[in-house]
Amino acid sequence: MEIFGTSSALIYDINLIIQIILVTAFLIDAFVIKPKRRLKAHGTIMATGTVINLLAVLLIMGPSLIRNWGAIAADPTNLGALITLAHASLGILALSGGVVFSYRFLSGVKSNKLACGKRRSMRLAILFWTLGLLLGLGFYVYYYVLV
Ligand code: HEM
C-alpha cells in the first residue's frame, strides 16, 4: 500500500512523483537543452505536461482541496492552511500559463507558425510552477511527515 511509508494515501505519493518528474522535465527542457531551434519539441513537452497536470488537478488535488475546504476556512491562518492556499494559488497561475502557451502552440502547429508566448512570460510561468512544486513538497512534509 505504501511507497514512501508516510501517512499519505498512495495516490498523493504518486501525485508527488508525477509533479517532480514534470517540473524536472520543464527545467531541463528550458535551461539545459534550451528551446531555441527546437520549438516543436519544447511546445510538445510543455503541452503534454500541462495536460497531465490539468488531469492531476481535476482528479487528485482539486477534489482534495474541496474536501478539506471546511477545515481551511475554519482556520485560514494556520500554517497548513497557509501552505495549501499559497500552493493552490501559485498552482493555478502556473497552470493558467501552461494552458495559454499550450493553446497558442497547438493553434500554431496547424498553420506552421510556432509561437507560444514571450520568453519572459514563459520564464515567469516556470518560476510559478517550480515555486508551486516547492509549496506542494512543503504541504507533503507538513501533513504527512511532521503532523
Ligand atoms: C504547477 C502546478 C502544481 C504543482 C507542481 C503541484 C504540486 C503538488 C505536490 C508536489 C503536492 C504534494 C503531493 C500531494 O499531497 O498530492 C501537491 C498537493 C496538493 N495540491 Fe498541488 N500542484 C499544482 C497545482 C495545484 C492546483 C492548481 C491546486 C488547486 C486548485 C492544487 C492543490 C493541491 C492540494 C489541495 C494538495 C494536497 C493533496 C493532498 O490532500 O495530499 N495544486 N501539489
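Above this text you will find the structure in question.
Residues numbered from 1 in each chain as written. Predicted model: local features only at pLDDT ≥ 70, side-chain atom pairs only at ≥ 80, totals over all residues.

Draft legend 1. How the structure looks around the overall build of the chain. Summing up its helical and strand segments, the chain has five helices and zero strands in all. Starting at the N terminus and ending at the C terminus, the chain contains elements arranged as α-α-α-α-α. Dimensions of the chain, computed from C-alpha atoms along their principal axes, come out at roughly 50 × 30 × 25 Å. Of all 147 residues assigned to the chain, the portion counted as buried reaches 25%. Sequence-distant contacts, at least 24 apart, represent 73% of the contacts inside the chain between residues at least 6 apart. (Helix = DSSP H or I, 4+ residues; strand = E, 2+ residues; numbered from the N terminus. Buried ≥ 20, exposed ≤ 12 C-beta atoms within 10 Å, placed from the backbone. Contact = placed C-beta atoms within 7 Å.)

Draft legend 2. Here's a closer look at the site of the ligand. Taken together, 25 residues lie near the ligand, and Asn15, Met61, Ser64, Gly91 and Gly136 sit nearest. Counting only elements with at least two residues in the shell around the ligand, the list comes to α1 (10–33), α2 (39–67), α4 (79–111) and α5 (119–146). Among the residues forming the shell around the ligand, the class breakdown is 15 nonpolar, 10 polar and no charged. (Near = placed C-beta within 6 Å. Nonpolar A, V, L, I, M, F, W, Y, C, P; charged D, E, K, R; others polar.)

Draft legend 3. Fine view of α2. Here α2 spans 40 Å end to end across 29 residues, near enough to the 42 Å set by a 1.5 Å rise per residue. When α2 is considered as a whole, its buried residues turn out to be His42, Gly43, Met46, Ala47, Gly49, Thr50, Asn53 and Met61. Next to the buried residues of α2 lie α1 and α4. (Expected span 1.5 Å × (residues − 1).)

Draft legend 4. How the structure looks around unusual backbone geometry. A positive phi is found at Lys34, a non-glycine position, where the angle reads about 75°. Checked against the element boundaries, Lys34 lands in the loop between α1 and α2. The class for Lys34 is exposed, based on 11 C-beta atoms found within 10 Å. Despite not being glycine, Arg37 shows a phi value in the positive range, around 65°. Mapped onto the elements of the fold, Arg37 is located in the loop between α1 and α2. Note on Arg37: 8 C-beta atoms within 10 Å, which makes it exposed.

Draft legend 5. Region of interest: the nonpolar core. In this structure, Ala125 and Trp129 are the most contacted members of the largest nonpolar core, which totals 20 residues. Looking at this core, the elements that each hand over two or more residues are α1, α2, α4 and α5. With residues near it in sequence (within four places) discarded, Ala125 still touches Ala94, Gly97, Gly98 and Phe101. (Core = buried A, V, L, I, M, F, W, Y, C linked by C-beta atoms within 7 Å.)

Draft legend 6. View of the packing of α1 against α5. Orientation of α1 relative to α5, taken along the N-to-C sense of each, is 155°, at an axis distance of 10 Å. The pairing of α1 with α5 is recorded here as roughly antiparallel in orientation. Considering only the axes of α1 and α5, their crossing is left-handed. Along its contact with α1, which presents Leu16, Gln19, Ile20, Val23, Phe26 and Ala30, the element α5 presents Ile126, Trp129, Thr130, Leu133, Gly136 and Tyr140. Grouping the constituent residues of the contact of α1 with α5 by class yields nine nonpolar, three polar and no charged. (Axes fitted to C-alpha atoms, helices over the stretch in contact; angles between N-to-C directions. Parallel < 35°, antiparallel > 145°, perpendicular 65-115°, else oblique. Left-handed = near helix turned anticlockwise from the far one by under 90°.)

Draft legend 7. Looking closely at α4. With 33 residues, α4 should cover 48 Å at 1.5 Å per step; its first-to-last C-alpha distance of 48 Å lies within 8% of that length. Taken as a whole, α4 has its buried residues at Thr84, His87, Ala88, Leu90, Gly91, Ala94, Gly97, Gly98, Phe101, Ser102 and Phe105. In the core, the buried residues of α4 are packed alongside α2, α3 (69–74) and α5. Following α4 by one or two positions, Asn112 adopts a phi angle in the positive range, close to 60°.

Draft legend 8. Spatial organisation of the packing of α4 against α5. Taken N-terminus to C-terminus, the directions of α4 and α5 make an angle of 150°; their axes are 8 Å apart at the nearest point. As the angle between them shows, α4 and α5 are arranged roughly antiparallel. α4 and α5 meet at a crossing whose hand is left-handed. Counted by class, the contact of α4 with α5 contains 16 nonpolar, 10 polar and no charged residues.

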